[in-house]
Amino acid sequence: MKITQANFVQSNSEYQKCPVPDKPEYAFIGRSNVGKSSLINSIVQRKDLAKTSQTPGKTQLINHFLINQTWYLVDLPGYGYAKVSKTEREKFGTMIHDYLTNRENLLCTFVLVDIRHEPQKVDMEFMASIANSGIPFYIVFTKADKLSKTQVENHVEVYKTKMLETWEEMPQYFVTSSVKGSGREEILAAIDELNLGYKA
């Protein structure tokens, strides 16, 4: 897939106010500071589409971007961010849950995980919760450029081993680097394939 257009559409705090659900939609979510904005910018090959920040927790709304006039990329707030109040965390949690479980044109959620770290409880719990809600998702390992090829392979194996303790199979996954652009084509190919089967 070649990205020829990528435009910001709107931000919302409620799924009911999101754009008319007449196009396939893909959500990107992960723990704060996982490199989500950088990955989104890498995918669409724009430096400034999603706002990157040194401060975790910058994304606080449901952000819709229209890609090639044919599908939506959705930037969701991060989860597991400790430096906001419990009330704020619960508000974000409800907003994310309501969007993921009610957005009828959401075909797949890309759950971002920092490949440098061992499996985190908050990530495992989030993936289990959306799987239990019947929400299809892929795992996206980020920041692969920070490790050697062997380290990347080893860390993925550790993740597989951990997941297979409670999962029947490892979900489909992508290994990415926003710096090198790796994994971008694979993610777009997966979206392309899902778009083909979409019926409004």
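See above for the structure.
Residues numbered from 1 in each chain as written. Predicted model: local features only at pLDDT ≥ 70, side-chain atom pairs only at ≥ 80, totals over all residues. Heavy atoms only, no water.

Digging into unusual backbone geometry
Phase 1: Residue asparagine 33 is not a glycine yet carries a positive backbone phi of 75°.
Phase 2: Examined against the element boundaries, asparagine 33 turns out to sit in the loop between β2 (25-30) and α1 (36-44).
Phase 3: Of note in the backbone geometry, asparagine 68 takes a positive phi value of approximately 55° without being a glycine.
Phase 4: Since its relative accessible area comes to 17%, asparagine 68 is described here as buried. (Helix = DSSP H or I, 4+ residues; strand = E, 2+ residues; numbered from the N terminus. Buried < 20%, exposed > 50% of the residue type's maximum accessible area, 1.4 Å probe, protein only.)

Describing the environment of valine 111
Phase 1: Mapped onto the fold, valine 111 is located in strand β5 (residues 106-114).
Phase 2: Separated by 27 residues in the primary sequence, valine 111 and tyrosine 138 have C-alpha atoms spaced 6.1 Å apart.
Phase 3: Among residues more than four places away in sequence, those in contact with valine 111 are Ile29, Tyr79, Phe126, Met127, Ile130, Phe137, Tyr138, Ile139 and Val140. (Contact = heavy atoms within 4.5 Å.)

Topic: the pairing of β2
Phase 1: Among the six residues in β2, six count as buried, and that is most of the element.
Phase 2: Of the two faces of β2, the one lined by Glu25, Ala27 and Ile29 and the one lined by Tyr26, Phe28 and Gly30 are each fully buried.
Phase 3: In this structure, β2 lies alongside strand β4 (residues 71-75), joined through four bridges in parallel fashion. Directly across from phenylalanine 28, in β4, lies its bridge partner aspartate 75.
Phase 4: Of the strand pairs in this sheet, β2 and β5 are connected by six bridges, and their pairing is parallel. Bridging from a neighbouring strand, glutamate 25 pairs with leucine 106 of β5. (Pairing = 2+ DSSP bridges.)

Examining the sheet that holds β5
Phase 1: Taken together, the seven strands give an open sheet; going across it, the order is β1-β3-β4-β2-β5-β6-β7, and neighbouring strands pair in mixed fashion. The strands lining the two open edges of the sheet, one partner per strand, are β1 (6-12) and β7 (173-175). Each neighbouring strand pair of the sheet contributes to a mean axis angle of 25°, computed without reference to strand direction.
Phase 2: Packed onto the sheet, helix α2 (residues 86-102) meets β1, β2, β3 (62-67), β4 and β5 and runs at close to 150° relative to β2. (Axes fitted to C-alpha atoms, helices over the stretch in contact; angles between N-to-C directions.)

Re the pairing of β5
Along any regular strand the residues' side chains alternate between the sheet's two faces.
Phase 1: With eight of nine residues buried, β5 lies mostly within the body of the structure.
Phase 2: Inspection of the sheet shows β5 paired to strand β6 (residues 137-142) by six bridges, in the parallel sense. Each bridged residue has a counterpart across the sheet, and for leucine 112 the counterpart in β6 is valine 140.
Phase 3: Each parallel crossover has a hand, and the one from β5 via helix α3 (residues 121-132) to β6 is right-handed. (Right-handed = clockwise from strand over helix to strand, strands pointing away.)

Regarding the packing of α3 against helix α4 (residues 149-163)
Phase 1: Where α3 contacts α4, the axes come no closer than 12 Å and their chain directions differ by 55°. It follows from the interaxial angle that α3 and α4 lie oblique. In this structure, the crossing between α3 and α4 has a hand that is right-handed. Seen from α3, the contacting residues are Asp123, Met124 and Met127; seen from α4, they are Tyr159, Lys162 and Met163.
Phase 2: Across the contact of α3 with α4, the residue classes tally to four nonpolar, no polar and two charged. (Parallel < 35°, antiparallel > 145°, perpendicular 65-115°, else oblique. Left-handed = near helix turned anticlockwise from the far one by under 90°. Nonpolar A, V, L, I, M, F, W, Y, C, P; charged D, E, K, R; others polar.)

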